[in-house]
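Structural characterization, general
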Amino acid sequence: QKGGWDSYMDKEIHEDPQAVADTLLGRFDTNGDLNLDEVRIDPETFRQIDKIIIVACGTASYAGLVAKYAIEHWVRIPVEVELAHEFRYRDPILTPRTLVVAISQSGETMDTLMALRHAREQGSQVLAICNTQGSTIPRESDAVLYTHAGPEIAVASTKAFVAQIVAAYLLGLYLAQVKGTMFRDEIHQIVDSLKVMPEKIQWVLDTQAEKVARAATSLVDAKSFLFLGRHVGYPVAMEGALKLKEIAYTFTEGFAAGELKHGPIALVEPGEPIVVIVPSSRGRDLLHNKVISAIEEVKARGAFVVAVAEEGDPDAERYADVVFYRPACPTLMSPLVDVVPLQLFALDMAKNKGLDVDKPRNLAKSVTVE
Ligand code: F6R
């Protein structure tokens, strides 16, 4: 069942490339345009949508946060991301033109279900992004876009995360197509860059795993970790932190690199491990340089820096103690590769501590109570 792997989590991380490829499959017509007829909302209704609210919990909410950056950029409508359990208690502004997107691997998360029921009661359309056919969340939604990650058994979510990002991106590109906010060629170009991501993820699995394992061995006794990132690297930092706390029981915090000087830098002391997601230096110089300065700041205070950076990034190589590489890709695609070494790192840390990686203490695969 584990296909020769030591654990389901091992197996599922190695299925990241397939999860991305399968989630893209069958979503285009012969002209290469997006065809999402399966979601059951007609294009005219999509055209009217003027706001998106993504509701989700845990890992799924971080996939939603990644998607916010892309969808706002492509579709030019506001996208809010809200933890599902906070949503209905704050009297959210919902209209028939608001599309509420509920992201859930299991389709059974009670907090997310209650949020979508609230949205529908207020007259909004709800679209589920879900990995489990026939589960409650898609059944109660107006529309569904399935992630085709295959069954996820390990409690910690891995391949579902990358599939959720892809599905949310498809939704964003579809909205851009029906609303005409992007040229057809631009959409096709982005689709092309999505289609090569499985190979890029595979490259990370093939070439970086050993280095990740060595880092996990040398850091096994660390008491706490900080993770930081900017732009789409910010939710990836939070996801990396969540994985490590869930399965290796290490105290972690993920935060936006720009916040460092507003508080968290006080935590930095000699030897503190800090994982930093470094954006590409191409095109977005400003962000790259800012993240590199954050590394310099924490290095000056003695931190041990593990960077996730583009292959050959001279600044990351110069300032970080260890660098996990991503192959070059557009910024919005980078979360699909950057999360992979962080998943492997959490797995290796937990294994080094002799823990049950598939069934971490106190956690259930689907949280069916509020
Ligand atoms: C993290 C994890 C949880 C889930 C969250 C939502 O590894 O497994 O944070 O992501 O409980 O679950 P779903 O996606 O099933 O709604």
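Structural data are supplied above this passage.
I will try to describe carefully the structure that is included in this document. This structure is a prediction, so every number in the text was calculated from the model and none was measured.

In this section: the pairing of strand β1 (residues 51–56). Among the six residues that make up β1, six are buried, leaving the element largely enclosed by the rest of the structure. Alternating positions in β1 separate into two faces, K51, I53 and V55 on one and I52, I54 and A56 on the other, with burial throughout. Pairing of β1 with strand β3 (residues 98–104) involves five bridges; the strand directions are parallel. Within β3, the residue paired with I54 across the bridge is V101. In the sheet, β1 pairs with strand β2 (residues 79–83) via five bridges, with the strands oriented parallel. Bridge pairing in β2 links A56 to L83. With helix α4 (residues 58–75) bridging β1 and the parallel β2, this β-α-β connection has right-handed handedness.

Let us look at the packing of helix α2 (residues 16–24) against helix α8 (residues 159–179). As a packed pair, α2 and α8 sit with axes 8 Å apart at the nearest point and diverge in direction by 25°. One element, α2, and the other, α8, form an angle in the roughly parallel class. Pair α2 / α8 crosses with right-handed handedness. On α8, the residues that touch D16, A19, V20, T23 and L24 of α2 are K159, V162, A163, V166, A167 and L170. The residue inventory of the contact of α2 with α8, partitioned by class, reads eight nonpolar, one polar and two charged.

Looking now at the environment of G302. Within the secondary structure layout, G302 lies in the loop between α12 (285–300) and β9 (304–310). Given a relative accessible area of 32%, G302 falls into the partly exposed group. In the structure, G302 is positioned twelve residues away from P314 in sequence and 21 Å away in space, judged by C-alpha atoms. In this view, G302 contacts E269, P270, G271 and E272; residues no more than four positions away in its chain are not counted.

Here we come to α4. Counted at 1.5 Å a residue, the expected span for α4 with its 18 residues is 26 Å, and the 25 Å between its end C-alpha atoms agrees. Following α4 by one or two positions, R76 adopts a phi angle in the positive range, close to 60°.

Turning our attention to the packing of α8 against helix α9 (residues 184–195). Relative to each other, α8 and α9 sit at 170°, their axes nearing to 11 Å. With respect to α9, the element α8 is oriented roughly antiparallel. Note on element contacts: α9 touches α8 through I187, I190, V191 and L194, opposite V166, Y169, L173, A176 and Q177. Counted by class, the contact of α8 with α9 contains eight nonpolar, one polar and no charged residues.

What follows deals with the nonpolar core. Counting 98 residues, the largest nonpolar core has F46, I52, W74, L127 and L336 as its most contacted members. Element by element, the count of residues in this core is highest for α8, at 15 residues. Once residues within four sequence positions are removed from consideration, L127 is found in contact with V39, F46, L99, V100, V101, A102, A143, L145 and L171. With 24 residues, the next largest nonpolar core counts L260, I274, I292 and V323 among its residues.

Within the structure shown, the criterion is met by five aromatic pairs. Summarising the aromatic geometry, the rings of W74 and Y169 are spaced 5.2 Å apart at their centres and angled 80° between planes, so their arrangement reads as edge-to-face. Of this pair, W74 sits in helix α4 while Y169 sits in helix α8, placing them 95 residues apart in sequence. Pair check on accessibility: W74 and Y169 agree, each one buried.

Criteria and thresholds
- Residues numbered from 1 in each chain as written.
- Predicted model: local features only at pLDDT ≥ 70, side-chain atom pairs only at ≥ 80, totals over all residues.
- Heavy atoms only, no water.
- Buried < 20%, exposed > 50% of the residue type's maximum accessible area, 1.4 Å probe, protein only.
- Helix = DSSP H or I, 4+ residues; strand = E, 2+ residues; numbered from the N terminus.
- Pairing = 2+ DSSP bridges.
- Right-handed = clockwise from strand over helix to strand, strands pointing away.
- Axes fitted to C-alpha atoms, helices over the stretch in contact; angles between N-to-C directions.
- Parallel < 35°, antiparallel > 145°, perpendicular 65-115°, else oblique.
- Left-handed = near helix turned anticlockwise from the far one by under 90°.
- Contact = heavy atoms within 4.5 Å.
- Nonpolar A, V, L, I, M, F, W, Y, C, P; charged D, E, K, R; others polar.
- Expected span 1.5 Å × (residues − 1).
- Core = buried A, V, L, I, M, F, W, Y, C linked by side-chain atoms within 4.5 Å.
- Phe/Tyr/Trp six-rings, centres within 6.5 Å; stacked < 30°, edge-to-face > 60°.

By themselves, these observations are geometric and do not establish any function.
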